[in-house]
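# Fold and contact review
The lines below spell out each chain.
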Amino acid sequence: MNKRDATLSISNTEDLAEVINDIHHYLNKHKEYLNSLNVFPVPDGDTGLNMVLTLQGAMANMTGKVSLEKSAGEYLKEFAEHMLLNSRGCSGVILSLFVQGFANVVSNNNFSKENIYKAIENGYRNAYEGTKNPQEGTMLTLMRAFRDKFYEQMQHEDNPLLIIRDIIPQLKEVLNQTPEMLPILKQAGVVDSGAAGFIILLEGINKELKNHQLTGISIPSVLGIGKTIRKLLKDRRSNLKRDPLLPLILNIDFNRIYNKRLQEVLADARKVFGHFHINNRMSLQKKIIDNLQGIDKSWNPEIKYRYCTEFTLESDHISKEHLIELLNGYGDSLIIIQSNNRFKVHIHTNKPNDVFEQASEYGNLLFTKVDDMKKQHRNFISEDIIGFERDKSVFCIVSGRGFAEILKNLGADDILCYGKNKPSVDQLLKNLNNLKAKNIIAAADDHDILMALKLAISLCKSNVYVVESDNPISLISIMMNMPKDYDITTMFEEAMKNLHNIPFSSIARATRDVSGINGIEVKKKDYFAIYNKSIITSNPRLNSLIEEIIGRFAADSVLITFYRGEKVKNNAELLQVLKIKYQTIEFEEYYGGQSKYDYYITFE
Amino acid sequence: MEKKIFFITADNLGLTREQIDYPHLEILKFPVIIDGIGYRQSDEYNAKWLISKYENENIVAKSSTLVQKEIVDIVEKYHNDFDMMIHVLMSSGMSAASFKVAENVRKQFENVIPIINIDSRQAINGVGNVLLAIIDIMKANPILSLEEIDQKAQEVVESTFSYFVLPDLKYLYKGGRVGKAQSLMGSILHIIPVVGLIGTEKEGIIVPIGKGRTFKQVNSLIYDKITEKMNEKGVSKIKRIISIFGYGDKNADAFTDLKEKVQAIPCDDFIEGKPAIVDAVYCGPGAYGVSVYL
């Protein structure tokens, strides 16, 4: 057993601040890779960015807090609280919960391997329970593996840093398996971006010991490989040897491929291209094509929507663990935040009244909220520390300034226009509290904001109803039909009812080649259109693409509206052409200011 | 004892004289001032004429309150032949001056003939709906006391709901009648506002009902609001619907769509109302709507 350095050598806050700074830099260097692990070839992947900004936000709040009087453990605990408040996106929130749980244990400044193991265990539990929608194949899986591997390795090694260094390769193996755990990853042949981000963080911690390079292959590469193999299969044999892409396929490192199907494709491709005189060439070729088609077909991202139930329980007779056990069977997305004897609980369930009944057996329910309006709504918020100035408000979170203006005009009481960087929990919380409204309806234009929003809500004193929207068009639809003179439950019910009222297509420019999605090839820099969360067409010319889209959907429309992205100029010429071509349809154009998509086009 | 009743109302009621089946009725005409010149409803000066001026000339139109002397003249002319008079007025929340004028006349004649001034909380076809409903009640129960008439009239007022699609709220705004519907103004996005006069709202002012981006959307909204009111009141059949259209030729298809939608609701009496020059001052081109009496 290696007995060197029995504890982690972080003796003061200055050292720790430096380590955190190094980790931040390391993560920052890899953020683009993490961002690229996204589904569509639009520049909207921001897992890496969210993790970096979460760390950055906490670092900014800790400036000047390095002191001799404070221990490293205490410093980390404070840092973790700021991380949580500054967390952005799902990845930022889960990471923050892990660090919070970790820091709570090492706040005693004990950095021995035994205590660090306890801290990892607590971090994992905190993150896992905080996002109780336990999907395997995500960052949570890596956190659990981190705990288990750390425990195994600590039997042979005392230095926590060396333990971490030694288990990183094992964790990468777990990362390799994540596509097998989460169907969407398997189908797309990528690793989970959050899980990959967690390993990069661990690598950052160990970078001075060994500069590991994370391996992995993203969707663009998977699809690129598929495209290349298809092309090679079509080539004449005489041309094949001269094809510069052939050596790439023959020499690709299998360790970087996590998708078993793709591994099989590559193995077969090597046989076909590497040995020109094999007997079963035709059957192998067919197998390759079938497997590639399987990979393409299986790309089907899906977003679920559920009603949510929230309450605050004041109890001295139940632990968080017991409460989790008690409520776990009622639904999913269970989040419990504990502060002394108060438990803020969020759960998606079909039986909110049963949940309240169960919980109330252990104490007082200080407030309850059911977003499913078929159920009886009760709100016990009364004498809270916020002086409420109004009964209800509508809060929208959007990225484009144009959309922000439109929504403001349509009656949103407050808009958080976040530009390119997703808002942090702290930002969201401030905006919610600034409304000073007893009841708030909150809706964002991006699904990835929901987790941070829900965390902010758990800290907010208002009664907040989340409309689980994921695009700015839904927000317009909600605000167009928001009956602000009615009670909050009716307002929320109407918002949910109108969430998907307006059909729309979004148009973006591809950041990479994509082939075979629904049989559609998208080349880098081509424009492509998404409808109902699927790519439906692409074209190198924007106007041609728009005309094609209009042609498809014009028949059922009387009003077609263009919302321009931040970099798109007014396209008056095209509108004129369309108005002449479709004389019974009204065309309107507005500035949306969104960064991801050149256009949102609505059909009404 | 059976009472002989004379009715008074004004021409912003969404109906022509011929559409009101009651012999003892006078319809006052609101003065309309266009660029400083006064006009009254006539074959020549009507809603279509004013809308055409709105569309083609840069004019400013306003309406004035009812002329007290004209009401006095009617009362003096008919009081000897009737037991009482009922004056159905547009909402006092929208024209307090006209209601005050009517009240002045009531007081002036209180020792001569009882006059009941009914604040319809409505305008245009909503006033027409209240008027026709009260006429129906009086025809069926000519022996009602003053108090009973007052009570019945109140029930009618509170059962009347009107919804208007006003493509441009500036006419309502310029005329100072936009009320709470101001919240529908100033949108960057081009929207079609729906406003209403809700009989149960004591203020009797224009309220925002909602908005849409297409006429189909706003028509569905009106349909939903009507059925919602029916559910609230536990009514399965509407007693009377009066539609209104004709502020220019615009939006004829949209109006037809709304008409078809509301005609699908069970109803005892559907009347296609007629606009007047005074309504056109506030509605502007392309406006249309329906009033329902439940």
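In this text the structure is predicted, and so the values were computed from the model without any measurement.

### A short note on the overall build of chain B
Helices and strands together make up the secondary structure of chain B, namely nine helices and 13 strands. Among the 294 residues that make up chain B, the fraction classed as buried is 56%. Sequence-distant contacts in chain B: of pairs separated by 6 or more residues, those separated by 24 or more amount to 77%. Put simply, chain B shows about 12,400 Å² of open surface, and 48% of that area lies on carbon and sulfur atoms.

### A look at the pairing of strand β12 (residues 527-531) of chain A
Residues and elements named next belong to chain A. With five of five residues buried, β12 is to be regarded as a mostly interior element. Across five bridges, strand β9 (residues 504-509) lies against β12 in antiparallel orientation. Residue pairing for β12: A508 is matched across the bridge by F528. What sits between β12 and strand β13 (residues 534-539) in their antiparallel hairpin is a turn of two residues, with N532 showing a positive phi close to 50°.

### Considering helix α16 (residues 352-360) of chain A
All of the buried residues along α16(A) are P352(A), V355(A), F356(A) and A359(A). The buried residues of α16(A) occupy an angular sector of 100° when the element is viewed end-on, so they sit on one face.

### What about the packing of helix α4 (residues 89-106) of chain A against helix α19 (residues 450-459) of chain A?
All names here are of chain A. Orientation of α4 relative to α19, taken along the N-to-C sense of each, is 50°, at an axis distance of 6 Å. As the angle between them shows, α4 and α19 are arranged oblique. Taken together, the residues of α19 that come into contact with α4 (itself represented by G89, C90, V93 and I94) are M451, A452 and L455. Tallied by class, residues from the contact of α4 with α19 come to six nonpolar, one polar and no charged.

### What to know about the sheet that holds strand β5 (residues 61-63) of chain B
Residues and elements named next belong to chain B. Spatially, β4-β3-β5 is the arrangement adopted by the three strands of the open sheet, whose pairing is antiparallel. Among the strands making up the open sheet, the edge pair consists of β4 (37-39) and β5. Between one strand and the next, the sheet's axes are offset by a mean angle of 30°, whatever the strand orientation. Relative to β4, strand β3 (residues 32-34) is paired through three bridges, and the arrangement is antiparallel.

### Here's the deal with the packing of aromatic side chains
Considering all chains together, one arrives at 28 aromatic pairs over all chains under this definition. For the pair F6(B) and F82(B), a centre-to-centre distance of 5.2 Å together with 65° between the ring planes defines the contact as edge-to-face. With a gap of 76 residues between them, F6(B) in strand β1 (residues 5-10) and F82(B) in the loop between α2 (68-78) and β6 (84-89) connect regions that are remote in the sequence. Like F6(B), the residue F82(B) is buried in the burial classification. Members of the aromatic cluster, joined through ring pairs, are F403(A), F504(A), Y563(A), Y590(A), Y597(A) and Y600(A). Here the basic side chain of K4(B) rests over the ring of F82(B), its NZ or CZ set 5.2 Å away from the ring centre.

### Comments concerning the confidence of the model for chain B
Residues with a pLDDT of 70 or more make up 100% of chain B, whose mean pLDDT is 95. Predicted complex, confidence summary: ipTM 0.80, pTM 0.66.

### Let's talk about the pattern of salt bridges
This structure, assessed with the given rule, holds 40 salt bridges over all chains. A salt bridge links D166(A) to R165(A); the nearest nitrogen and oxygen atoms lie 3.0 Å apart. A residue is classified by how much of its surface remains accessible, and R165(A), at 26% relative accessible area, is partly exposed. The shortest N-O distance in the salt bridge between E70(B) and R40(B) comes to 2.8 Å. Of this pair, E70(B) sits in helix α2 while R40(B) sits in the loop between β4 and α1 (47-56); the two residues are 30 residues apart in sequence, bridging distant segments of the chain. The exposure class of E70(B) is partly exposed, given its relative accessible area of 26%.

### As for the nonpolar core
Counting residues in each nonpolar core, the largest one holds 84 residues, and the members touching the most others are F7(B), I86(B) and I134(B). Discounting chain neighbours no more than four positions away, the residues touching I86(B) are I5(B), F6(B), F7(B), I8(B), I116(B), I118(B), I134(B), M138(B) and I149(B).

### Some thoughts on the interface of chain B and chain A
If you look at the interface, chain B gives 14 residues, while chain A gives 17 residues. With both sides pooled, the region where chain B packs onto chain A buries about 1,300 Å², and carbon together with sulfur makes up 55% of that total. Counting the surface chain B buries against chain A, the share from its top three residues, L189(B), K211(B) and R213(B), is 46%. The interface formed by chain B and chain A contains two salt bridges. Two residues, E604(A) and R213(B), come together in a salt bridge whose shortest N-O distance is 3.8 Å. Of all the secondary-structure elements, those providing two or more residues to the side of chain B that touches chain A are β10 (207-212) and α7 (215-233) of chain B. Grouping the amino acids of the side of chain B that touches chain A by side-chain chemistry returns four nonpolar, six polar and four charged.

Parameters at a glance
Along every chain, residues carry numbers that run from 1 in the direction the sequence is written. Whichever chain is written first is A, and whichever ligand is written first is 1; the rest continue in order. The predicted nature of this model means local features are confined to residues of pLDDT at least 70 and side-chain atom pairs, given and counted, to a pLDDT of 80 or more, with totals for whole chains, interfaces and linings taken over all residues. Water and hydrogen atoms play no part in the side-chain values, which are based on all heavy atoms of the structure. Put simply, DSSP marks the helices as runs of H or I at least four residues long and the strands as runs of E at least two long, and each gets a number from the N terminus on. Summary of the burial criterion: residues with accessible area below 20% of their type's maximum are buried, those above 50% are exposed, and those between are partly exposed, where the area comes from a 1.4 Å probe applied to protein chains only. Whether two residues touch is decided by their heavy atoms; if any such pair falls within 4.5 Å, the residues are in contact. Computed by Shrake-Rupley with a 1.4 Å probe, the accessible areas treat only the displayed protein chains as cover when residues are assessed. Strand pairing is defined by DSSP finding a minimum of two bridges between the two strands. Arc definition: it is the arc formed by the directions from the helix axis to the C-beta atoms. All axes are obtained by fitting lines to C-alpha atoms, using only the stretch in contact for helices, and the reported angles, taken between N-to-C directions, cover 0 to 180 degrees. Here the word oblique covers every angle except those under 35 degrees (roughly parallel), over 145 (roughly antiparallel) and from 65 to 115 (roughly perpendicular). For this classification, the nonpolar set comprises Ala, Val, Leu, Ile, Met, Phe, Trp, Tyr, Cys and Pro, the charged set comprises Asp, Glu, Lys and Arg, and every other residue, Gly included, is treated as polar. Here a pair means two rings of Phe, Tyr or Trp (six-membered ring of Trp) with centres within 6.5 Å. Their orientation is stacked below 30 degrees between planes, edge-to-face above 60, and tilted elsewhere. Whether a charge sits over a ring depends on NZ of Lys or CZ of Arg being within 6 Å of the ring centre and within 35 degrees of the ring normal. As a per-residue measure, pLDDT reflects the predictor's confidence and takes values from 0 up to 100. Here a salt bridge means any side-chain nitrogen of Lys or Arg lying within 4 Å of a carboxyl oxygen belonging to Asp or Glu. Definition of nonpolar core: a set of buried residues of the types Ala, Val, Leu, Ile, Met, Phe, Trp, Tyr and Cys, connected through side-chain atoms within 4.5 Å. Buried area, as used here, totals the accessible surface that two parts lose on assembly, with accessibility defined by a 1.4 Å probe and the loss added over both.

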